[in-house]
Number of protein chains: 2
Amino acid sequence: MTILLSTKAATMEAWRDALLAVDPALDVRLFPDAGDPAGIEAAVCWTAHSMAELRRYPNLKLIVSMGAGVDHLMRPPGPPPGIPVARLVDTRLTQGMTEWVLLNVLRFHRQDGEYRAQQAAGIWNELPAPDTAERRIGILGLGELGGDAARKLLALGFPVMGWSRRPKSLPGVEAFDGPAGLDAMLARSDILVCLLPLTADTRSVLNARSLGLLPRGAFLLNAARGGHVVQDDLLAALDSGHLAGAALDVFEPEPLPASHGFWHHPKVILTPHAASITIPRSAAPQVVENIHRARRGLPPNNQVDFTAGY
Amino acid sequence: MTILLSTKAATMEAWRDALLAVDPALDVRLFPDAGDPAGIEAAVCWTAHSMAELRRYPNLKLIVSMGAGVDHLMRPPGPPPGIPVARLVDTRLTQGMTEWVLLNVLRFHRQDGEYRAQQAAGIWNELPAPDTAERRIGILGLGELGGDAARKLLALGFPVMGWSRRPKSLPGVEAFDGPAGLDAMLARSDILVCLLPLTADTRSVLNARSLGLLPRGAFLLNAARGGHVVQDDLLAALDSGHLAGAALDVFEPEPLPASHGFWHHPKVILTPHAASITIPRSAAPQVVENIHRARRGLPPNNQVDFTAGY
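Residues numbered from 1 in each chain as written. Chains lettered and ligands numbered in written order. Predicted model: local features only at pLDDT ≥ 70, side-chain atom pairs only at ≥ 80, totals over all residues. Heavy atoms only, no water.

Student: Help me understand the interface of chain A and chain B in this model?
Tutor: For interface size, the figure often reported is the accessible area lost on association. Listed per partner, the contact involves 53 residues of chain A and 53 residues of chain B. Interface area, chain A with chain B, both sides summed: about 4,300 Å², of which 58% is carbon and sulfur. When the buried area of chain A at its contact with chain B is split by residue, R110(A), Q119(A) and W124(A) rank highest and sum to 20% of it. The tally of links between chain A and chain B comes to 12 salt bridges. The shortest N-O distance in the salt bridge between R281(B) and E134(A) comes to 3.2 Å. Viewed at the interface, chain B and chain A are joined by 34 residue pairs in polar contact (both at pLDDT 80 or more). (Contact = heavy atoms within 4.5 Å. Buried area = accessible area lost by both parts, 1.4 Å probe. Salt bridge = Lys/Arg side-chain N within 4 Å of Asp/Glu carboxyl O. Polar contact = N/O pair within 3.5 Å; in protein donor to acceptor, adjacent residues only side chain to side chain.)

This is the structure:
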């Protein structure tokens, strides 16, 4: 089977090698060297690849989007009609996201900013001990990513709440859903973690009104999409002192412009869309399995639901 | 029963209230207001309390040391002969230590120092993704603290090794013991976490020779005691580039003198003996239970073994 591979230049060869290690019979073409467009049967693309460009391949049977989020697929023109799209649901990707969440939850919970400042000033001073059992974590989104973060935070002893569009239950997690549930959870979230898919419903969900519902001194973590946050509203909430800090991995646009106020804000921890990690060796088996399924005429695993938007 | 309570001034009343909440019949005296020395039957003391001072109380039946480490009890003159000493084995204390360990393991694992420096410089640049499955963690000490840290790190997907004086096994942890086992584990520890008790055998265990066994670019976490580390040897290993970083919570002496090279070292993360947290409300029940046991003539739970040194 002939595959078009399109990803960042730095990881192109690692991806090709990882796919061939699982199935040496694959014919992997590195974009833009696709050869005869009629020969391409599957496209394995990162999220920046043009969906219009994929209309060039008349025999395409499958698109694999190399990430968990699929909001880029929802924008016009969208993928070629009738071609199933699979997203990655990779344990390593989930693991990387959970690491980022735990690092930043613990950073805020354990007063790391204050301790770094004390070290810089040469001050030896034990701060009042935080109580894990009283630090309420609210997670927006209880899918693969939110569910795993919830389980790991519960295991550390944090009280964990979770919000999802439709009612969902996870052992030990206090569950909320719908608009009223969102407000109720925000009002009790000392640390709010956004891991939602970006859809028309969730765009700008974190705005002046909703951030204002958080308890004074709350922290925000966003590793979902920049579009979930009204960035100016977040800056205002940090500057007013209503929020104590934010750890942000995603922005709109990306890269974040050099002049943006997040870069040098003393309450902002910034990472460059690096929270969730895709390691080709770890993700290749599911990609190859979906290619094999396409050849047999089966729908892919982890197929994107364009009605739900994720 | 009449109890002498001696701890830091800032937490004295919280401790008294927590003890009385468990047993309102207790007569709690706040040091130095002990009243009649002959009336004191139990002493609940923090680690800086003078063991010589405790010889003033002829009817003392129990000493509770308000911490996990007991090395301070081993120094002359030691506790009054024949009086059993209990240490705290508090889930909250273990939880706080595990949080500190996870925060610093994830800080180093996820290149947080580099990302903080990039943010300060306004640089948007995704660093090569670290692979959790290949980041080997070595834990010195597999007691309450080391065992809990090992379990939580395993759950995140890290390969975990552990060393203890005597052979010990924990599910999923590759176990080492004895001097040869120590060297073997150090040689494979990308991140080394010291959670040992401080004894004559473990003093200065981290010195030029043993730090030299770690893989180049390794990280060290020490939240046990300053005396485990030959501090000048650690500084040299950081300066030479052999070690990539160290997170240190304990020093010798404490507070760390203002002139010490750790304070402003770019590779050192410093906390002021604040890793492990004792919350009176959480620790009080076990203290009161040991007081009740002493009244009934029973040995305390978690009695210090002065032969083993912990």
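Student: Would you explain the pattern of salt bridges in this entry?
Tutor: Oppositely charged side chains may form a pair once their charged atoms are brought near each other. Evaluated as defined, the whole model comprises 36 salt bridges over all chains. For R110(B), the salt bridge goes to E99(A), with nearest N and O atoms at 3.1 Å. One end of the pair, R110(B), is in the loop between α3 (91–109) and α4 (112–121); the other, E99(A), is in helix α3 (residues 91–109), on a second chain. For the pair formed by R110(B) and E99(A), the shared burial category is buried. (Helix = DSSP H or I, 4+ residues; strand = E, 2+ residues; numbered from the N terminus. Buried < 20%, exposed > 50% of the residue type's maximum accessible area, 1.4 Å probe, protein only.)

Student: Honestly, the pairing of strand β7 (residues 160–164) of chain B in this entry has me stumped. Any pointers?
Tutor: Note on strand geometry: in a regular strand, side chains alternate between the two faces of the sheet. Residue and element names in this part refer to chain B. Most of β7 sits out of view: five of its five residues are buried. Side chains of β7 alternate between two faces, with V160, G162 and S164 and M161 and W163 buried alike. Between the parallel pair strand β6 (residues 137–140) and β7, the chain is carried across by helix α5 (residues 144–155), and the sense of this crossover is right-handed. Direction of pairing for β7 relative to strand β8 (residues 174–177): parallel, over a ladder of four bridges. Pairing of W163 across the sheet is with F176, part of β8. (Right-handed = clockwise from strand over helix to strand, strands pointing away. Pairing = 2+ DSSP bridges.)

Student: I keep staring at the packing of aromatic side chains and nothing clicks. Help me out?
Tutor: Centre-to-centre distance and the angle between the planes together describe a pair of aromatic rings. Evaluated as defined, the whole model comprises six aromatic pairs over all chains. Measuring from ring centre to ring centre gives 5.7 Å for F251(A) and W124(B), while their planes differ by 70°; the resulting arrangement is edge-to-face. A residue pair is termed interchain when its members come from two chains, as with F251(A) in the loop between β11 (243–248) and β12 (268–270) and W124(B) in the loop between α4 and β6. On the basis of relative accessibility, which here comes to 4%, the residue F251(A) falls in the buried class. Judged by centre distance (6.0 Å) and plane angle (55°), the rings of F251(B) and F262(B) are tilted. Here F251(B), found in the loop between β11 (243–248) and β12 (268–270), pairs with F262(B), found in the loop between β11 and β12; they are 11 residues apart in sequence, far enough to count as distant. Exposure class is identical for F251(B) and F262(B). Each is buried. (Phe/Tyr/Trp six-rings, centres within 6.5 Å; stacked < 30°, edge-to-face > 60°.)

Student: Explanation requested: the sheet that holds strand β2 (residues 27–30) of chain B in the structure shown.
Tutor: Whether parallel or antiparallel, the strands of a sheet pair through hydrogen bonds between backbone atoms. All names here are of chain B. Pairing is parallel across the open sheet formed by five strands, whose spatial order is β2-β1-β3-β4-β5. In this open sheet, the two strands that pair with only one neighbour each are β2 and β5 (85–87). Between one strand axis and the next, the sheet turns by 20° as a mean value, whatever way the strands run. For strand β1 (residues 2–6) and β2, the ladder comprises four bridges, and the chain directions are parallel. Paired with I3 across the strands is V28, a residue of β2. Across the sheet, helix α9 (residues 280–295) touches β1, β3 (42–45), β4 (62–65) and β5, and the angle it forms with β4 is around 165°. (Axes fitted to C-alpha atoms, helices over the stretch in contact; angles between N-to-C directions.)

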